[in-house]
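Fold and geometry: a report
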Amino acid sequence: MAAAEGYPDGLQYHSEHDWARIEGDEATLGVTWFAQDALGELVHYEPPEEGAEISRGSSYGEVESVKAVSDLIAPLSGVVVEINQKAVAEPETVNDDPYGEGWLVRIRLSDPSEAADLMDAAAYKSFVAEQ
Amino acid sequence: MKLIYEKSQEGRRASTLPPNDLPVPEIPQELRRERPPRLPEIAEPEVVRHFTRLSTRTFGIDTGFYPLGSCTMKHNPRVNERVVNLPGFRDLHPLQEEEGAQGALELMWRLQQILAEVAGLPAVSLQPAAGSQGELTGLMLMRAYFADRGEERRKIIVADTAHGTNPASVTMAGYELEKVETDARGNIDVAHLREMVDEETAGLMLTNPSTLGLFDEHIEEIAAIFHEAGALLYYDGANLNAVCGISRPGDMGFDIVHFNLHKTFSQPHGGGGPGGGPIAVRERLEPFLPVPAVVRDGEAFRLDYDRPKTIGKVRGFCGPFGVFVRSYAYIRAYGPRLREMSEVAVLNANYLLARLKDAYELPFDRICMHEFVLSARRLKREHGITALDVAKRLMDYDFHPPTVYFPLIVPEALMIEPTETEPKEILDEFADAMLEIARDAAERPELLKEAPHNRAVRRVDEVKAAKRAVVRYLFEDHPDLAEEPSAARELEAQKGA
Amino acid sequence: MLATIGVGSIDELFRDIPAGVRFEGALDLEPPLSEQEIVAHLEALAAKNVDSGQELSFLGAGIYDHYVPAVVDAVLQRGEFLTAYTPYQPEMSQGVLQAIFEYQTAICELTGMDVSNASGYDGTTVAADACYVAKHATGRARVVLAETLNPQVRQVVKTYAPGFGLEVVEVPHRNGVTDPDELAAAAVDAACVIFQQPNFFGCLEPAPDLAAAANQAGALPIAHVDPVSLGVLEAPGAYGCALAIGEGQGAGNYQSYGGPHYGFIAARSDYVRRMPGRIVGETTDVDGRRAYVLTLQTREQHIRREKATSNITTNQTLLALAGLAHLSWLGPQGLREQGETCMALAAYAKERLGLPELFPNQATFKEFAIRVGRPAEEAIRVAREQGVHPGYALKRDYSGMEDALLVCLTEKRTSSDIDRLAEALAA
């Protein structure tokens, strides 16, 4: 069952429709409800490799539905420490639980100050309303 | 319906071969086939029945109206099938000596002359196998041209309404892609274009009329912008059916043109091919054309391999010769009356547009060319009915649906191209069906949501197909996908994007 | 109709076309012909060609005069197959989709691979496609081609290579075949290696050793194979190849002066997401019925656009269906017998002709190269005066082969045909 629309507080959001959960010098990244709704049911997640460097604003992987492909745009820069294998094996997890079980990667931040440029839940909700 | 492999019975066969009583040399053991391929073991009657049944589960132009935008699904005259099967064409080996292939060479040469006249450009190569390959060849010509001049140009500009093959070809040719926007009238945004074109621009790829079915009113200005920057213009000929004998791409300012023989010139679509993508170019690009060239030498015709600046070869031999035979025969039936072919194509499209534009939304309110784009956005907003639902419901009326969800800049797009071979009564039947569907969107939406009702299958689970990726028959190990659950949610086609 | 549209004339429909680009007058083309005049004109052109019905021909070199059975004609003439478009609307096109699925299965069976696409343009462009797959799979920028790979295939790869950012290197032949050690040396840092089996000279390559050499170097081994040989020769998938490609014409298409035919490309499952072109997959509909649909479309140009695995759209479906019909008619027994017959005729011809072989002691399939003791074009001219085309002049593609002819024996030839060839070459 696809999740109901929601943008939890406590996460930071990016204009490319990703979220980040920052915990110390690490962050967990994923895509928002808006993104998974626009793509439709995901059939494939192409993750980066562990240890890869990703940089803010650039693509770090791809998700695919039947009819569309989307680059995953990193909201923050860092090094990949873990990939969510469940999202690889069952990409629909991202649709069902985009902020929980549907997380995509965990990174060690290379520049924590970048977080200041992200939106909070309220700001992102307004941003989405204008789409 | 069973797969042909499921109809196999061990030991059966259809083929008979002349007996061989000569000794068969032994193949070294490490090169020898160990296990035979599991091809069907089936006798001729069942082979014929199998393919006949498959064909009845396929809808062609021969079956009914097929208004796929940008595909030009016109009737394929049967005389073309008769002539392509003449043994003198059908059984001719491509490496036959030139004096034994004069008929083939002459046919190609004459077709080249015809295409040059239609394009308004002097030099033609028939070699590319399809429109996409014509595009790639055209971009390779640009690379060769600029390299020859010692100029470094990295970028190709493509319209945001472009068919996906254009950007894909740009990448394969090693160029960088830039996109120019379309304005509110459906023309290229000239101001945006001016900002983009510079000395690093190699060229433009454009279809005119565009995939919106609209003729770009500023084409002369666009051509001037590129030529002033020393860049080239490439014409994607997918929509040529609108303007044959009315406006020639060479006169519009294009330097390279590809034709789709399987669109404008009636090579049958064959379920996905073959096609033909010949190109016509301006004199200064002629030296770079693929090799061999088909040339005339007095009364004879020959293949010219002595072309030092050629980009090389894009396909085997001279190209898809059988396609040339059909297109050549097709064009000889028209001659200069190709103009009337285009006039009727445009008339038919405008007639349908007039009948449908109030019930659906028309994003660009202009006279259209040979095709037009409607949006089902209002139906979606008011009744939850999408372009996909409209397409599936049309099947219940025995029409093939139009192209949907393209071009990308129109939400819930329906691209309709009737072609010139449809009579008015068919157009009216189709319009009536579309109007009824618009009414049913309000009154009986579930009928549309569950369409189609009378085809071989109902709506298919594309998510399961992508996830499981069962792409061949696995014999004893073949899974039963009916036992695997379907996608939990109803699939909708491309949302937004 | 004009009234409904709201214009007074057809001319008004073209009012958006600027005057500066309007074409005035009539196209300079010959006047229209009636149907019977078209037939007469095309018959006259066809009569100027010497086809294999009129001349006993031993021409091969990539396109072959194999027997095409009548069922293939019957299938090609079904108007639904002939005039259908690409099956984007699966409910309207289960017939074509299922046929393509069956074709994909047949190609996988022949080549020992896991996935095949719905066809490529021909046997040359699929080599370029395969290089593109290898480039993205390995991240390497060099491709290695055996010199014994069909010259047109090599030429097409070299034409595509600059745009792909690939360097092309060739490994020369040694007595008509490729040396695995030389290939191994060339394959270091290469994305792929392409060799042909049987090769352009008709010789049997040490294919398993060539594949092993490529695999050792981390390059993808790609075999370019003759479908007609795959009833007697081992499948590339069984000896370590990553991809198998080839020209399908010999299995079910007429020669047709070089086209249209169908190229095939098949791969191990590792490469499925990188495959170019259409792929049909199996699924179910909402009622649980088995159904077929174009799948993994996110690889393709209409979705992935500039990042697509290829720009290919229209391919060669109808010709591939002919191939499927042909292979279904042949069956596994028929394919094996056909291959054995070709080999037997070729062996007999070598002996009967008694002319020196260009590559002595090499095992061959249905073609072999001989030396005719004078310039090849001379031998061809003299033989043709007696109604025989004796084969392809290898000097057209290879240096140092002035007097060499590549002779091809298909199952359509007989021992008395071979006697006539011997006489024509002795003249």
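Residues numbered from 1 in each chain as written. Chains lettered and ligands numbered in written order. Predicted model: local features only at pLDDT ≥ 70, side-chain atom pairs only at ≥ 80, totals over all residues.

As a further point, take the packing of helix H5 (residues 94–111) of chain C against helix H11 (residues 317–353) of chain C. Residues and elements named next belong to chain C. The N-to-C vectors of H5 and H11 enclose an angle of 60°; their axes lie 9 Å apart at closest approach. The handedness of the crossing between H5 and H11 comes out as left-handed. Only Thr 317, Ala 320, Leu 321, Gly 323, Leu 324 and Leu 327 of H11 make contact with H5, whose side of the interface consists of Ala 99, Ile 100, Glu 102, Tyr 103 and Ala 106. Grouping the constituent residues of the contact of H5 with H11 by class yields eight nonpolar, two polar and one charged. (Axes fitted to C-alpha atoms, helices over the stretch in contact; angles between N-to-C directions. Helix = DSSP H or I, 4+ residues; strand = E, 2+ residues; numbered from the N terminus. Left-handed = near helix turned anticlockwise from the far one by under 90°. Contact = placed C-beta atoms within 7 Å. Nonpolar A, V, L, I, M, F, W, Y, C, P; charged D, E, K, R; others polar.)

What follows is about the interface of chain B and chain C. With 167 residues of chain B at the interface, the matching set in chain C holds 168 residues. The dominant element in the side of chain B that touches chain C, judged by the number of residues it contributes, is helix H11 (residues 338–356) of chain B, at nine residues. Here the side of chain B that touches chain C is composed, by residue class, of 90 nonpolar, 40 polar and 37 charged.

Next up on the list: the sheet that holds strand S3 (residues 176–180) of chain B. Residue and element names in this part refer to chain B. Read across the sheet, seven strands follow the order S1-S7-S6-S5-S4-S2-S3 without closing on themselves; strand pairing throughout is mixed. The two strands at the open ends of the sheet, each matched to only one other strand, are strand S1 (123–125) and S3. Averaged over neighbouring strand pairs, the angle between their axes works out to 20° when direction is ignored. The sheet contact formed by strand S5 (residues 232–237) and strand S6 (residues 256–259) spans four bridges and is parallel. (Pairing = 2+ DSSP bridges.)

Residue and element names in this part refer to chain C. Most of strand S10 (residues 290–294) sits inside the fold, with four of its five residues counted as buried. Both strand S9 (residues 280–284) and S10 contribute to a ladder of five bridges, which runs antiparallel. In the strand pairing of S10, Gly 281 is matched with Val 293. (Buried ≥ 20, exposed ≤ 12 C-beta atoms within 10 Å, placed from the backbone.)

Turning our attention to the domain arrangement of chain B. The assigned domain composition of chain B is domain 1 (4–56) and domain 2 (81–336). For domain 1 of chain B versus domain 2 of chain B, the separation of C-alpha centres amounts to 42 Å. (Domains from an automatic or database assignment.)

Here we take up the confidence of the model for chain B. For residues with low pLDDT, the predicted coordinates do not support detailed interpretation. With 98% of its residues at a pLDDT of at least 70, chain B reaches an overall mean of 95. For residues 488–497 of chain B, every residue scores under 50 in pLDDT, and the model assigns this stretch 22 contacts once sequence neighbours within four places are set aside. (pLDDT = per-residue confidence, 0-100.)

We now examine the sheet that holds strand S12 (residues 413–416) of chain B. All names here are of chain B. Strand order across the open sheet formed by three strands is S10-S12-S11, with antiparallel pairing between neighbours. The open sheet has two free edges, formed respectively by strand S10 (372–375) and strand S11 (403–404), since each of these has just one partner strand. Bridge count for S11 against S12 is two bridges, and the pairing is antiparallel. Paired with Val 404 across the two strands is Leu 414, which belongs to S12.

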